[in-house]
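Spelled out, the chains give:
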Amino acid sequence: MIGSLRGRLYVGLIAVIALTGAIGAAFAYHSAFDEAIEIQDSLLMQIASLAQSGALGVVPEAHGIEEDTEVQFIELGQAPRGPADDRQLFTLKDGLHTATHRGQPIRLLLRTRPDGSRYAAAQPTAIRDKTARDMAFRTLVPFVALLPCLMLVTALVIATSLRPLIRQAEDLDARRADDPAPLPVTNMPRELHPFIAAINGLLARTQGLMEQQKRFIADAAHELRTPIAALSLQAENLDSVELPPPMRERVAALQQGMRRARHLLEQLLALARQEAIASSSTGMPLAALDGATKEVVADLMAEACERNIDLGFALLEPLTVRGEPVMLTTMIHNLLDNALRFTPREGRIDVGVYRQDGAAVFQVEDSGPGIAPGEMDRIFEPFFRGQHPEGEGTGLGLSIVKRIVERLGGTIALESICGAGRSGLRVIIRLPLPDAAPERSSRPAG
Ligand SMILES: Nc1ncnc2c1ncn2[C@@H]1O[C@H](COP(=O)(O)OP(=O)(O)OP(=O)(O)O)[C@@H](O)[C@H]1O
Ligand SMILES: [Mg+2]
């Protein structure tokens, strides 16, 4: 608890409140006690004066002049007499004294009348002390009642003052790593403004660094494009040259290597393009999801036919979403490319575009081996290729798809299809439907 600012403030302030309260209470108790004693002394004086003036109709040894206060009136006569205590009292001077009378400690006021006779107004010390204590205790009531309230209010004030800070920390914790938005200073205590400004400065510098790295990858891929394209062309041109069989094998290996390099560059450029697009999809144009899907399917149909794969639509509804057309095409192409690559000959790929629960759904089901459950966690990591690194893949396809889906404000889910002699992978992408999507007429699937 002491490790936290809240704990420290709470313990510190509560200790100060308790200490101040204790000192205040002790001081109030003692002054009230002394005051009560003084009041009782003045009461003795008043009673003695009344007795002298005869207003009380005094009788010697009168008791109970004041019932509550047990003030006694002691007549001592003109000379010492009676018990030793009374004779002892006679030796005292006029005024207030503390003495013993009949074995009981008393406080008394001695007076001498003009005729020389003496009398005393007395009160047992125990009664006086009890009365004074009662009065003094009453002064403690406000302290006892107010201290817990004060502690509660302190705890509330501390909690309320630190709430914006805690909320800020939670917001920061829930942020995406690439979200560069500065922390807001509104509603934050002024003392924290320099701290927030420093964090915002650090965020801006980190963002700058990230941008620099992204630009470097994009620039490097872009710069490599031309020489790799030239080299590929040269490698392809070797097909038309008469070569002995061992050389032909080497040329084939070279051509395959060039194709891989080109594919890697294209994927890196696609990834860099996604990074460069502003994070919100709200400013993007409306694009036909069904139209983009049909285009990509048409592009890949020849390859599917070559391997006798039944590539077709399970459902195709006209749907419009917000997104750059190139983003949709890249997303669909990468998923269908995976499905084609991992589906064995004579297999089946079903594509679906439909509306469900207020979202546009793009779905691909293949009859390949699916993805092992242990790989699902890492499948979106760049360059991760899992158990089936088929063909010339780079491991970038699904991370590109994930970035695109995030940019479009959607979600992606991968499910393994297994059971009843079937296997495969089902990819389901849900994209938000635009608020005011223009109505488009239904077109037949195919
Ligand atoms: N439909 C699928 N069926 C089985 N495994 C898949 C499927 N799609 C992806 N995978 C697994 O996920 C890995 C990563 O896929 P991803 O698309 O990111 O990369 P890639 O296809 O290997 O390379 P690239 O897409 O860049 O050509 C693949 O290597 C494969 O192991
Ligand atoms: Mg892929």
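Only a predicted model underlies this, so the values are computations on that prediction, with no experimental measurement involved.

The helix and strand tally for the protein stands at 8 helices and 11 strands. Computed over C-alpha atoms, the radius of gyration of the protein comes to 49 Å, more than 25% over the 22 Å expected from 2.2 N^0.38 for 446 residues, which places it beyond the range of a compact globule. Reported as C-alpha extents along the three principal axes, the dimensions of the protein are approximately 160 × 45 × 40 Å. Taking as baseline every contact in the protein between residues at least 6 positions apart, the subset at least 24 positions apart corresponds to 64%. Here the protein has roughly 25600 Å² of accessible surface; of this, 59% comes from carbon and sulfur atoms.

Before going further, it helps to examine the domain arrangement of the protein. Structurally, the protein comprises domain 1 (5–144), domain 2 (191–272) and domain 3 (281–432). For domain 1 versus domain 2, the separation of C-alpha centres amounts to 100 Å.

The next point concerns empty space enclosed by the protein. Per the counting criterion, the structure on display carries 1 cavity of 30 Å³ or more. Estimated volume of the largest cavity: approximately 470 Å³. Lining the largest cavity are 34 residues, with N338, F342, I371, I379 and L398 positioned closest to its centre. Of all elements in the fold, only helix 5 (245–276), helix 7 (325–342), strand 9 (359–366), helix 8 (397–407) and strand 11 (422–432) reach the threshold of two or more residues within the lining of the largest cavity. Sorting elements by how many residues they give to the lining of the largest cavity places helix 7 first, with 7 residues. Residues that form the lining of the largest cavity fall into these classes: 13 nonpolar, 14 polar and 7 charged.

Reading across the sheet, the 4 strands line up as 1-4-3-2 and stay open at both edges, with antiparallel pairing between neighbours. Either end of the sheet is taken by a strand with one partner, and the two such strands are strand 1 (72–77) and strand 2 (95–101). This sheet shows a mean twist of 35° between the axes of neighbouring strands, independent of strand direction. With 7 bridges joining them, strand 2 and strand 3 (residues 104–112) adopt antiparallel strand pairing. Residue pairing across strands places H97 opposite L108, the latter belonging to strand 3. Sheet strands touched by helix 1 (residues 5–53): strand 1, strand 2, strand 3 and strand 4 (118–124). Its angle to strand 3, the strand with the most contacts, is close to 45°. Sheet contacts for helix 3 (residues 125–174): strand 3 and strand 4; angle to strand 4, the most-contacted strand, approximately 50°.

Grouped together as the largest cluster of nonpolar side chains are 54 residues, with contacts concentrated most on L289, M331 and I429. Considering each element in turn, this core owes the most residues, 8 residues, to helix 7. When residues of this core are assigned to domains, at least three fall in each of domain 2 (191–272) and domain 3 (281–432).

Strand residues, when the strand is regular, have side chains that alternate between the two faces of the sheet. Sheet analysis places strand 10 (residues 411–419) next to strand 11, joined by 9 bridges and oriented antiparallel. From the neighbouring strand, I417 faces strand 11, where its bridge partner is G424. Between strand 10 and strand 11, which pair antiparallel in sequence order, lie 2 residues; one of them, A420, sits at a positive phi of approximately 50°.

In this section: helix 8. Counting buried positions along helix 8 gives 8 out of 11 residues, so the element sits mostly inside the fold. The first or second residue beyond helix 8 is G409, which carries a positive phi of 75°.

Every α-helix carries 3.6 residues per turn, so stepping three or four residues along brings you back to the same face. Helix length check: helix 7 (18 residues) gives 26 Å between terminal C-alpha atoms against 26 Å at 1.5 Å per residue, within 8%. By the burial criterion, the buried members of helix 7 are M327, L328, T330, M331, I332, N334, L335, L336, D337, N338, A339 and L340.

This brings us to the site of ligand 1. In the vicinity of ligand 1 lie 21 residues, with H263, D366, R385, T394 and L398 positioned nearest. The separation between an oxygen atom of ligand 1 and a polar side-chain atom of R341 is 3.0 Å. Contacts to ligand 1 include L396, whose backbone N or O atom sits 3.4 Å from an oxygen atom. Protein contacts shield 99% of the accessible area of ligand 1, which totals 590 Å² for the unbound molecule. In this structure, ligand 1 is accommodated by the largest cavity. Elements with a minimum of two residues in the shell around ligand 1: helix 5, helix 7 and helix 8. Per element, the largest residue contribution to the shell around ligand 1 is 4 residues, and it comes from helix 7. Here the residues of the shell around ligand 1 sort into 7 nonpolar, 11 polar and 3 charged.

The subject of this paragraph is the pattern of salt bridges. Evaluated as defined, the whole model comprises 15 salt bridges. Among the salt bridges present, the one from R422 reaches E365, with a minimum N-O distance of 3.4 Å. Here R422 is found in strand 11, whereas its partner E365 is found in strand 9, with 57 residues between them in sequence. Here R378 makes a salt bridge to E381, at a shortest N to O gap of 3.2 Å. Accessibility expressed as a relative area gives 34% for E381, which makes it partly exposed. Through salt bridges that share partners, E365, E415, R422 and R426 make up one connected network.

Another aspect to go through is the sheet that holds strand 9. Taken together, the 5 strands give an open sheet; going across it, the order is 6-8-9-11-10, and neighbouring strands pair in mixed fashion. Whereas interior strands pair on both sides, the edge strands pair on one side only; in this sheet they are strand 6 (310–316) and strand 10. Between one strand axis and the next, the sheet turns by 15° as a mean value, whatever way the strands run. Pairing between strand 9 and strand 11: 7 bridges, direction antiparallel. Each residue of the ladder has a partner; that of V364, found in strand 11, is V427. Along the sheet, helix 6 (residues 289–306) makes contact with strand 6, strand 8 (348–356), strand 9 and strand 11, crossing strand 6 at roughly 165°. Packed on one face of the sheet, helix 8 meets strand 10 and strand 11 and runs near 130° to strand 10.

How each quantity is defined
Residues numbered from 1 in each chain as written. Chains lettered and ligands numbered in written order. Predicted model: local features only at pLDDT ≥ 70, side-chain atom pairs only at ≥ 80, totals over all residues. Heavy atoms only, no water. Helix = DSSP H or I, 4+ residues; strand = E, 2+ residues; numbered from the N terminus. Rg over C-alpha atoms; globule rule 2.2 N^0.38 Å. Contact = heavy atoms within 4.5 Å. Areas by Shrake-Rupley, 256 points an atom, 1.4 Å probe, with all protein chains shown as cover. Domains from an automatic or database assignment. 1 Å grid on protein atoms, 1.4 Å probe; cavity = no way out; pocket = protein on both sides within 12 Å on 5 of 7 lines; lining within 4 Å. Points joined across faces, edges and corners; volume = space filled by probe spheres on them. Nonpolar A, V, L, I, M, F, W, Y, C, P; charged D, E, K, R; others polar. Pairing = 2+ DSSP bridges. Axes fitted to C-alpha atoms, helices over the stretch in contact; angles between N-to-C directions. Core = buried A, V, L, I, M, F, W, Y, C linked by side-chain atoms within 4.5 Å. Buried < 20%, exposed > 50% of the residue type's maximum accessible area, 1.4 Å probe, protein only. Expected span 1.5 Å × (residues − 1). Near = heavy atom within 4 Å. Polar contact = N/O pair within 3.5 Å; in protein donor to acceptor, adjacent residues only side chain to side chain. Sits in = over half its atoms within 2 Å of the grid points. Salt bridge = Lys/Arg side-chain N within 4 Å of Asp/Glu carboxyl O.

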